[in-house]
Amino acid sequence: MLTIKRVPTVLSNYQEDSGEPRGCDRNCLGECCLSVSKLPLYAFESDARSKISSSGDDEPPSDFFLNTLLLGQWEDRMSRGLFRYDVMACETKVIPGEYGFVAQLTEGRHLKKRPTEFRVDRVLQPFDPAKFNFTKVGQEEVLFRFEPGESGSGRLLEDDTVGGDANASNVVAINVSPIEYGHVLLIPRVLDCLPQRIDPDSFLLALRMAAEAGSPYFRLGYNSLGAFATINHLHFQAYFLSMPFPVEKASTQRIPIVEGLSHNGVKVSRLLNYPVRGLVYEGGNTLKDLSDAVANSCICLQENNIPFNVLISDSGRRIFLFPQCYAEKQALGEVSQDLLDTQVNPAVWEISGHIVLKRKKDYDEASEHYAWRLLAEVSLSEARFEEVKVYIFEATGLVESEKEKMEPGDNKGAPYQSPSPVGTASPHLKVA
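Residues numbered from 1 in each chain as written. Predicted model: local features only at pLDDT ≥ 70, side-chain atom pairs only at ≥ 80, totals over all residues. Heavy atoms only, no water.

> Kindly report on the sheet that holds strand E11 (residues 236–240), identifying the contributing residues and their values.
Taken in spatial order, the 12 strands make up an open sheet running E7-E2-E6-E8-E9-E11-E10-E16-E17-E15-E14-E12, and their pairing is mixed. Bordering the open sheet on either side are strand E7 (155–157) and strand E12 (252–254), each of which pairs with just one other strand. In this sheet, neighbouring strand axes are inclined to one another by 25 degrees on average, regardless of whether the strands run parallel or antiparallel. With 3 bridges joining them, strand E9 (residues 184–187) and E11 adopt antiparallel strand pairing. Within the sheet, the bridge partner assigned to Leu-186 lies in E11 and is Phe-236. (Pairing = 2+ DSSP bridges. Helix = DSSP H or I, 4+ residues; strand = E, 2+ residues; numbered from the N terminus. Axes fitted to C-alpha atoms, helices over the stretch in contact; angles between N-to-C directions.)

The following block contains the structure:
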């Protein structure tokens, strides 16, 4: 059994005392309270076959879901003092260099916490109700429910009783240890107590949330067990950062597919000239086409016990999949001590180029060389990455064209061009 010790991230104010008995007097997300609760409900268009870029004249303003609802409610919780620190006061800078890695100093994120032992050699682990899970979260940390509507465009029911639909409730809650402005958790079917593992329905839900937000600067991320997920209860994370991530600007090489995707329009590429090797999925005739292609790839990795991270980018139109091995290397003593001393846990945000540092010294000395060196330890070797790609393609029915294989450097993607953002800029970001 491989384990590592690290300081766990506190996602909820109820996490540290989760061993105490709970009852209906605390207004939690458990069966005792949720069904009789009134939580705002955002009902999104339920037709998963709809095109990714679909819109209609009767839809609410394009910025309603992100600005008015999600970020507005997030700021309300900030004004109530529910966060462990003020993330907007944290120092953040763009590191000089070709890639534009973002460094952030968040000293309060690990204070007063002792290192905890995590098992890192099992991507799939059963849900353990004795450990902290999101049913123990207080409802004051919940922003709204996020569920499919009967028809039409998204709408908000502000005083909706959960009632008999409690078991199907997807909730959006704050992360009380935020990395950035608007940092939230999407928890699918909270009462089903699903372990941290991707399934097609939950992944499509995450893409629906990205599409509803409608901003290239609001991304969702996923960390598997063994790839720095802290809580074994299914959840995605999301936040707003008003600049492209370095990985979004990286060049890509299209992988020519002769079987498996010709009918649904999904395109698969691999990253080039980036410290972490990964696959990029985009296109698709419908949102479900793209979602299924990525979800099935993730399921393959889970079943083969390969830790991974996922970044949902560009309003759900572009998805990055990163098999990784940092925690395994750490457990085997193969990561240099100076990298371990920084206490950086390279999960989806760090891999994407937003590196959260916990010591002032590391922040002041942050360089592109350091960022590249850290992330290179995350990546699979070229040989191992090719093996994993074969697993994914075989499991998902994809066949790569032998005749049309391109040399490295062919079909390089142009620098990432974001549309005009919808949302508020991150005011604490600066160029070093």
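> Describe in detail the nonpolar core, supporting the description with residues and values.
Within the largest apolar cluster, 69 residues are counted, with the highest numbers of intra-cluster contacts made by Phe-146, Phe-203, Met-209, Phe-218, Leu-220 and Tyr-281. With sequence-adjacent residues up to four places away left out, Met-209 is seen in contact with Phe-65, Leu-70, Phe-146, Val-172, Val-184, Leu-186, Phe-218 and Leu-220. Among the nonpolar cores identified, the runner-up in size contains 42 residues, and Tyr-239, Phe-245, Val-280 and Tyr-363 belong to it. (Core = buried A, V, L, I, M, F, W, Y, C linked by side-chain atoms within 4.5 Å. Buried < 20%, exposed > 50% of the residue type's maximum accessible area, 1.4 Å probe, protein only. Contact = heavy atoms within 4.5 Å.)

> Let's hear about the packing of helix H1 (residues 64–79) against helix H2 (residues 200–213): which residues, and what values?
Each pair of packed helices can be summarised by the angle the axes make with each other and by the distance between the axes. As a packed pair, H1 and H2 sit with axes 7 Å apart at the nearest point and diverge in direction by 105 degrees. It follows that H1 is roughly perpendicular to H2 by the angle criterion. Every residue of H2 that contacts H1 at Phe-65, Leu-66 and Leu-70 is listed here: Met-209, Glu-212 and Ala-213. Within the contact of H1 with H2, the residues separate by chemical class into 5 nonpolar, no polar and 1 charged. (Parallel < 35°, antiparallel > 145°, perpendicular 65-115°, else oblique. Nonpolar A, V, L, I, M, F, W, Y, C, P; charged D, E, K, R; others polar.)

> Talk me through H2; I want residue IDs and the actual numbers.
Here H2 is 14 residues long and its end C-alpha atoms lie 20 Å apart, about the 20 Å a rise of 1.5 Å per residue gives. Where burial is concerned, most of H2 is hidden: 11 out of the 14 residues are buried. Among all positions of H2, only Ser-202, Phe-203, Leu-204, Leu-205, Ala-206, Leu-207, Arg-208, Met-209, Ala-210, Glu-212 and Ala-213 are buried. The N-capping residue of H2, defined by a side-chain oxygen 3.1 Å from the backbone nitrogen of Asp-201, is Asp-199. Of the residues one or two after H2, Gly-214 is the one with positive phi, at around 65 degrees. (Expected span 1.5 Å × (residues − 1). Polar contact = N/O pair within 3.5 Å; in protein donor to acceptor, adjacent residues only side chain to side chain.)

> Account for the environment of Val-137, with residues named and values stated.
Mapping Val-137 onto the fold places it in the loop between strand E5 (116–119) and strand E6 (142–148). Using a relative accessible area of 2% as the deciding quantity, one classes Val-137 as buried. Along the chain, Val-137 and Gly-30 lie 107 residues apart, while their C-alpha atoms are 8.2 Å from each other.

> Which residues make up the packing of aromatic side chains, and what values do they have?
Counted according to the given criterion, the structure contains 21 aromatic pairs. Between Tyr-99 and Phe-101, the ring centres sit 5.8 Å apart and the planes meet at 25 degrees, which makes this aromatic pair stacked. Classification of Phe-101 as buried rests on a relative accessible area of 0%. Feature note: the residues Tyr-42, Phe-44, Phe-64, Phe-65, Phe-144 and Phe-146 constitute an aromatic cluster, connected by ring pairs. A cation over a ring is seen here: Lys-93 above Tyr-363, with NZ or CZ 4.4 Å from the ring centre. Between the NZ or CZ atom of Arg-219 and the centre of the ring of Phe-245, over which it lies, the distance is 4.1 Å. (Phe/Tyr/Trp six-rings, centres within 6.5 Å; stacked < 30°, edge-to-face > 60°. Lys NZ or Arg CZ within 6 Å of the ring centre and 35° of its normal.)

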